[in-house]
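Letter by letter, the chains look like this.
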Amino acid sequence: MAKKEKKFKWPKIGEEGHNVKVLKEEPVDPQFEGWGNLGRMSIAGYRLIEADEGPRIDKLETRRYMRVYRPYDIMYNHSYGRVSKFFEGLLEKKILGTRCPRCGDKFMPPRAHCWRPECNLEETEWIELKPQGILHSYTILGFAAEAFLPQLPFILGYVRIDHCNTLIALRVAMEEAGYSLEEIDCDTPVTIKFVDDPKGSVLDIYAVPSEKPKSRRTPEQKERLKKQLEMISSWVKKKYG
């Protein structure tokens, strides 16, 4: 008798391993069931095209190419590991960091173990941090990953929360405090705020200036930056309405 071939079974979303007890859950939206298995890199279509190619703009040649379409989607299922408590805290609108019981260094983002060699990987303890910090550095984004394009332009800053020894990257919402983007500068005190419906992601928190930034830019520099930001805003409005 021929051996029956075992059919491969895709795991269900949220399927856990052996001896796992679910303590709390926000179920995955049913629309995502099987979503990660749709494409699997099979060719869905193609184009034969001609395009200019060459080492320099004055040495271009028309060449023929084949371009293929490969749908590839995936649903990630991963653990936050030893720093899970930080993300649980976000669900309750709390900012939880860690502190080394030996040297006293505080970490945000949290670290499971101290970074100092003399502390010999001492396991840290959890503490609740004040929702206050200082903007250490920043960049004004004129382009970003596709999910963030409609929000452009915006500020991504590195913030030191409650005198911690590490920095966390957060969006800085100048407009929420009534300031324009070109007024941003380093060393600005900020307040950490939460989105209305946190999901357990670092995107649940953002920074808002708690006082007027002391901008080092000259009026000419501010005006030039303002015009650049207006160009970006115009492009976003044209693309997304």
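A brief structural summary. For clarity, every value in this text was computed on a predicted model and none was experimentally measured.

Okay, the overall build of the protein chain next. Each helix and strand counted, the protein chain has two helices and 10 strands in total. Starting at the N terminus, the α and β elements of the protein chain follow one another as β-β-α-β-β-β-β-β-β-β-β-α. Sorting the 241 residues of the protein chain into buried and exposed places 28% on the buried side. Pairs at least 24 apart in sequence give 55% of the contacts found in the protein chain among residues at least 6 apart.

With that out of the way, let us pick up the environment of lysine 199. Relative to the elements of secondary structure, lysine 199 occurs in the loop between strand 9 (189–194) and strand 10 (205–209). The sequence separation of lysine 199 and leucine 90 amounts to 109 residues, and the corresponding C-alpha distance is 7.6 Å. Among the polar contacts made by the side chain of lysine 199, one reaches the side chain of aspartate 197 at a distance of 3.2 Å.

A few words now on the pattern of salt bridges. In this structure the tally under the stated criterion is 17 salt bridges. Note that aspartate 105 is salt-bridged to arginine 116, the shortest N-O span being 2.7 Å. One end of the pair, aspartate 105, is in the loop between strand 3 (96–99) and strand 4 (106–107); the other, arginine 116, is in the loop between strand 4 and strand 5 (125–128), and 11 residues separate them in sequence. In this structure aspartate 105 comes out as buried when scored by relative accessible area, which is 7%. Between aspartate 162 and lysine 106 there is a salt bridge, with its nearest N and O atoms 3.7 Å apart.

Moving on, we get to the environment of aspartate 105. Considered as a pair, aspartate 105 and histidine 163 are 58 residues apart in the sequence and their alpha carbons are 9.5 Å apart. Residues within four places of aspartate 105 in sequence aside, it is in contact with Thr98, Arg99, Cys100, Trp115, Arg116 and Asn165. Reaching out from aspartate 105, the side chain makes a polar contact with the side chain of asparagine 165 at a distance of 3.3 Å.

Counting residues in each nonpolar core, the largest one holds 33 residues, and the members touching the most others are Met108, Leu152, Val159, Ile161 and Ile192. For this core, the elements supplying multiple residues, two or more each, are helix 1 (84–91), strand 6 (132–141), strand 7 (154–161), strand 8 (168–172), strand 9, strand 10 and helix 2 (219–240). If we skip the residues at most four places from it in the chain, valine 159 touches Gly133, Ile134, Leu135, Thr166, Leu167, Ile168, Leu170, Val190, Ile192 and Ala207.

With that out of the way, let us pick up helix 2. The end-to-end C-alpha distance of helix 2, which contains 22 residues, comes to 31 Å, matching closely the 32 Å that a straight helix rising 1.5 Å per residue would cover. Taken residue by residue, helix 2 has Leu225, Leu229, Ile232 and Val236 as its buried positions. Angularly, the buried residues of helix 2 cover 55 degrees about the axis, an arc narrow enough to put them on a single face. Turned more than 90 degrees away from the buried face of helix 2, the exposed residues are Pro219, Glu220, Arg224, Lys227, Met231, Lys237 and Lys238. If you follow the buried residues of helix 2, they end up packed against strand 6. Looking one or two residues beyond helix 2, the residue adopting positive phi is glycine 241, at roughly 80 degrees.

So, on to the packing of aromatic side chains. Tallied over the entire structure, the rule returns three aromatic pairs. Seen in terms of ring centroids, phenylalanine 86 and phenylalanine 87 are 4.9 Å apart; in terms of plane orientation they differ by 70 degrees. Their pairing is edge-to-face. Of the two residues examined, phenylalanine 86 and phenylalanine 87, each falls in the buried class. Geometrically, the ring pair formed by phenylalanine 107 and tryptophan 115 is edge-to-face, given 5.3 Å between the ring centres and 90 degrees between the ring planes. Clustering of aromatic rings is evident, with ring pairs tying together Tyr80, Phe86 and Phe87. Over the ring of phenylalanine 107 we find arginine 111; its NZ or CZ atom is 5.8 Å from the centre of that ring. The ring of tyrosine 206 carries arginine 171 above its face, with NZ or CZ at 5.2 Å from the centroid.

This part is about the pairing of strand 9. Pairing analysis gives three bridges linking strand 6 to strand 9, with the strands arranged antiparallel. Each bridged residue has a counterpart across the sheet, and for glutamine 132 the counterpart in strand 9 is threonine 191. Of the strand pairs in this sheet, strand 9 and strand 10 are connected by five bridges, and their pairing is antiparallel. By the bridge assignment for strand 10, isoleucine 192 is matched with alanine 207.

Reading guide: rules and limits
- Residue indices begin from 1 for each chain and proceed along its sequence in written order.
- In view of the model being predicted, local features appear only for residues whose pLDDT reaches at least 70, and side-chain atom pairs are presented and counted only at 80 or more, with totals across whole chains, interfaces and linings using the full set of residues.
- Hydrogens and water are ignored here; the side-chain numbers use all heavy atoms of the structure.
- Numbering goes from the N terminus for both helices and strands, where a helix is a DSSP run of H or I of at least four residues and a strand is a run of E of at least two.
- Note on exposure labels: buried denotes an accessible area under 20% of the residue type's maximum, exposed denotes more than 50%, and partly exposed covers the range between, all computed with a 1.4 Å probe on protein chains only.
- Residue contacts are counted whenever heavy atoms from the two residues lie within 4.5 Å of one another.
- Throughout this description, a polar contact denotes any pair of N or O atoms lying within 3.5 Å of each other; where both atoms belong to protein, one of them has to be capable of donating a hydrogen while the other can accept it, and for residues adjacent in sequence the pair is counted only when both atoms sit in side chains.
- In what follows, salt bridge is the name for a side-chain nitrogen of Lys or Arg lying within 4 Å of a carboxyl oxygen of Asp or Glu.
- What is meant by a nonpolar core is a set of buried Ala, Val, Leu, Ile, Met, Phe, Trp, Tyr and Cys residues, joined one to another through side-chain atoms within 4.5 Å.
- Helix span, expected: 1.5 Å multiplied by one less than the number of residues in the helix.
- Directions pointing from the helix axis toward each C-beta atom define the arc.
- Side-chain rings of Phe, Tyr and Trp (the six-membered ring for Trp) are treated as a pair once their centres are within 6.5 Å; stacked means planes under 30 degrees apart, edge-to-face means over 60, and tilted covers the remaining angles.
- Charges are assigned to positions over rings by a cutoff of 6 Å between ring centre and Lys NZ or Arg CZ, combined with an angular limit of 35 degrees from the ring normal.
- By this definition, two strands are paired if DSSP reports at least two bridges between them.

Note that every value here comes from positions in space, so none of it alone points to a role or purpose.
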